[in-house]
Amino acid sequence: MKLDNVMRSFATILVGVLLILMKDSAIHLIVRVIGVALLVPALVSALGIFIRRNDGVSMRDMFISAVDVCCVALGLWLVISPGTFVGLLVVLLSLALFCFSFFQLYRLYVANRFADGNWKYAIVPVLLLLVSIVALALPDRTVSFITMLIGIAALVSGLSDIVISLIVDRKR
C-alpha cells in the first residue's frame, strides 16, 4: 500500500470524524476558511495595484481592483459572520430546490395529460418538495444534518479507500 494512499485515506477519515463530532461548529469553520481564502489573495492583489498606481492605472486594473474590493467585503463577511452566510445559503438553496421540484411536478402533470404516464414518477419530486419545505422551516437543523451526512460520507470513503488498497495489494 502506497504511503500517499494511506495518508489520503486517514486524512479523509479524520475530516469525516471531525465533521460528525463537531457538526454544529464545523460548517462555521469551513465558511471562515473560505472567507480567509477570498480575503488574503484579494488584499494582496489590491495592494499590488495600489503600489503600482504611479505607473498609470489601466481599465483592467480598475476592474480588478473593483473585484478585489468585492472579494475583500465578501471575505470579511464570511470571517466575521459565518452564521448569517450559512443561513442565507440554506434559504436560497431551499428555495431553488422548491422551485425545481415544483417545476418537475408540473412537467409530470403536463406529460401525463398527453400520454398515459405513471404517477410513481412523482415520488422523487414530492420528496424533494417536502425536503425543501423542511429546510426552509428548519435551516439550522438542515445545516447540521447535511454536515453530519458529509462527515459520514467522508468516513466511509476513507475506510473504503483503505479496504480497496488492501485488496489491490493482495492481488499483486
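Refer to the structure above for everything that follows.
Residues numbered from 1 in each chain as written. Predicted model: local features only at pLDDT ≥ 70, side-chain atom pairs only at ≥ 80, totals over all residues. Heavy atoms only, no water.

### A closer look at the packing of helix H2 (residues 23-51) against helix H4 (residues 82-114)
Part 1: In contact at an axis separation of 9 Å, H2 and H4 are set at 100° when each is read in the N-to-C sense. Here H2 lies roughly perpendicular to H4, going by the angle between them. Note on element contacts: H4 touches H2 through Pro82, Gly83, Phe85 and Val86, opposite Ile27, His28, Val31 and Arg32. (Axes fitted to C-alpha atoms, helices over the stretch in contact; angles between N-to-C directions. Helix = DSSP H or I, 4+ residues; strand = E, 2+ residues; numbered from the N terminus. Parallel < 35°, antiparallel > 145°, perpendicular 65-115°, else oblique. Contact = heavy atoms within 4.5 Å.)

### Details of helix H6 (residues 139-171)
Given 3.6 residues per helical turn, the α-helix brings residues three or four places apart onto the same face.
Part 1: For H6, spanning 33 residues, the distance from its first C-alpha to its last is 47 Å, which sits close to the expected 48 Å at 1.5 Å a residue.
Part 2: What H6 keeps buried is the set Thr142, Val143, Ser144, Thr147, Gly151, Ala154, Gly158, Ile162 and Ser165.
Part 3: If you follow the buried residues of H6, they end up packed against helix H1 (3-21), H2, H4 and helix H5 (123-137). (Expected span 1.5 Å × (residues − 1). Buried < 20%, exposed > 50% of the residue type's maximum accessible area, 1.4 Å probe, protein only.)

### Remarks on H5
Part 1: The first and last C-alpha atoms of H5 sit 21 Å apart over 15 residues, in line with the 21 Å expected at 1.5 Å per residue.
Part 2: If you check which residues of H5 are buried, you get Pro125, Leu129, Ser132 and Ala135. Within H5, the buried residues cover an arc of 130° as seen down the axis, which keeps them to one side. (Arc of directions from axis to C-beta.)

### Things to note about the state of the cysteines
Formally, a disulfide is one covalent bond, and it connects the sulfur atom of one cysteine to the sulfur atom of another.
Part 1: Under the counting rule described, the total for this entry stands at zero disulfides.
Part 2: Unpaired in terms of disulfides, Cys70 finds its nearest cysteine sulfur in Cys71, a separation of 7.0 Å.
Part 3: Judged by relative accessible area, which is 54%, Cys70 ranks as exposed.
Part 4: For Cys71, a relative accessible area of 23% translates into the label partly exposed. (Disulfide = S-S within 2.5 Å.)

### A look at the packing of H2 against H6
Part 1: For the pair H2 and H6, the least separation of the axes is 8 Å and the interaxial angle reads 85°. It follows that H2 is roughly perpendicular to H6 by the angle criterion. Contact residues: Lys23, Asp24, Ala26 and Ile27 in H2; Val143, Ser144, Thr147 and Met148 in H6.
Part 2: Of the residues that constitute the contact of H2 with H6, the class distribution is four nonpolar, two polar and two charged. (Nonpolar A, V, L, I, M, F, W, Y, C, P; charged D, E, K, R; others polar.)

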